[in-house]
Amino acid sequence: MTDVPADVNERVTEEWKADTTPGERVRTVMKRTYDPQSVATIAERALTSETTARKHLGVLAEDGFVEAVSRPDERGTWYKRAPRSVVLERAQQILDSMDIETLSTRIAELRETVREFEERTGAESPTAATVADAELDPEAVTEWQTARRNLKLARAALALADAEETIGEDARSGEPAGLLG
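Below is a short write-up of the structure. Just so we're clear, the structure is a prediction, and the values are computed from it rather than from any experiment.

### So, the packing of helix H2 (residues 22-31) against helix H4 (residues 50-62)
Where H2 meets H4, the axes come as close as 9 Å, and the angle between the chain directions of the two elements is 65 degrees. Judged by the angle between their axes, H2 and H4 are roughly perpendicular. At the point where H2 passes H4, the crossing takes the right-handed sense. In this structure, H2 uses Pro22, Gly23, Val26, Arg27 and Met30 to contact H4, whose residues at the interface are Thr52, Ala53, His56, Leu57 and Leu60. Tallied by class, the residues present in the contact of H2 with H4 amount to 6 nonpolar, 3 polar and 1 charged.

Here it is, written out as structure tokens:
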């Protein structure tokens, strides 16, 4: 007997609900939520009540994983994934996929790519080059934007690795990890 897709989806949904807590489901939903969403929408996607979703969203906001936002055309608080948590996640993915030496080499290559675009156009960014009517085709603009984004993420990954190493050294030496002071 073959399953009808709706039956398979229902079964998977029920398994997800049975195998996870409401907090885990809210976090999973928010991990993929980059545009502001209402609590009702998040609760529905997380298979939980609005009250429960709101409670877990509050915790995730305190942790910096999500941001509470107000939309001018809507009532209530809406939530989206916090950019900082996305950067940290991507930086960790970079660190998981390459060693520090390779990452350092990649940063140098990306820096050079960005520098070449800046020299070629006389502008500091793709936006500035477009405003100045620099002769760049859309593919070159996209390549420049991508190189700038990847350079920033690679630098964040290197900074994260450095911070993790420093915290590890502090823990081994018994020194408390101080904050800017």
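After that view of the structure, there is still more to cover.
### Quick notes on helix H5 (residues 83-97)
Helical geometry note: an α-helix holds 3.6 residues per turn, so side chains three or four residues apart project in the same direction. In this model H5 runs 21 Å from its N-terminal to its C-terminal C-alpha over 15 residues, within 8% of the 21 Å that 1.5 Å per residue would give. Every buried residue of H5 is accounted for by Ser85, Val86, Ala91, Ile94 and Leu95.

### Here we look at the pattern of salt bridges
Here the structure, examined in full by the defined rule, presents 5 salt bridges. Put simply, Lys80 and Glu67 hold a salt bridge, and the shortest N to O gap is 3.9 Å. Linking Lys80 in strand S3 (residues 77-81) with Glu67 in strand S2 (residues 66-70), this pair joins segments that are 13 residues apart in sequence. Residue Glu119 pairs with Arg115 through a salt bridge whose shortest N-O separation is 2.3 Å. Of this pair, Glu119 and Arg115 both sit in helix H6 (residues 100-121), 4 residues apart, which is roughly one turn of that helix. A relative accessible area of 57% places Glu119 in the exposed class. Accessibility expressed as a relative area gives 32% for Arg115, which makes it partly exposed. The network of salt bridges with common partners includes Glu112, Arg115 and Glu119.

### Section: the sheet that holds strand S1 (residues 37-38)
Strand order in the open sheet made by the 3 strands is S1-S3-S2, with antiparallel pairing throughout. Because the sheet does not close on itself, it has two edges, and the strands there are S1 and S2. Two strands pair when backbone bridges link them, and S2 and S3 are joined in this way by 5 bridges, in the antiparallel orientation. In the sheet register, Val69 faces S3, and the bridge partner there is Trp78.

What counts and what doesn't
Each chain has its residues counted from 1, running along the sequence as written. Residues qualify for local features only when their pLDDT is at least 70, as the model is predicted, and side-chain atom pairs are given and counted only at 80 or more; totals for whole chains, interfaces and linings, by contrast, use all residues. Computation of side-chain values: all heavy atoms of the structure, hydrogens and water removed. Only the contacting stretch of a helix is used when fitting its axis, a line to C-alpha atoms as for every element, and angles between N-to-C directions run 0 to 180 degrees. Numbering of helices and strands starts at the N terminus; helices are DSSP runs of H or I of at least 4 residues and strands are runs of E of at least 2. Note on angle classes: values under 35 degrees are labelled roughly parallel, values over 145 roughly antiparallel, values of 65 to 115 roughly perpendicular, and the remainder oblique. The handedness criterion is simple: a crossing whose near helix is rotated anticlockwise from the far helix by less than a right angle is left-handed, and one whose near helix is rotated clockwise is right-handed. Contact criterion: two residues are considered in contact whenever any of their non-hydrogen atoms come within 4.5 Å of each other. In this classification, Asp, Glu, Lys and Arg are treated as charged, Ala, Val, Leu, Ile, Met, Phe, Trp, Tyr, Cys and Pro as nonpolar, and every other residue, Gly included, as polar. Expected helix span is taken as 1.5 Å per residue step, with the number of steps being one fewer than the number of residues. Exposure categories follow from relative accessible area, calculated using a 1.4 Å probe and restricted to protein chains: below 20% of the type maximum is buried, above 50% is exposed, and the middle band is partly exposed. Definition used for salt bridges: Asp or Glu carboxyl oxygen within 4 Å of a side-chain nitrogen of Lys or Arg. Should DSSP find at least two bridges between two strands, the strands are regarded as paired.

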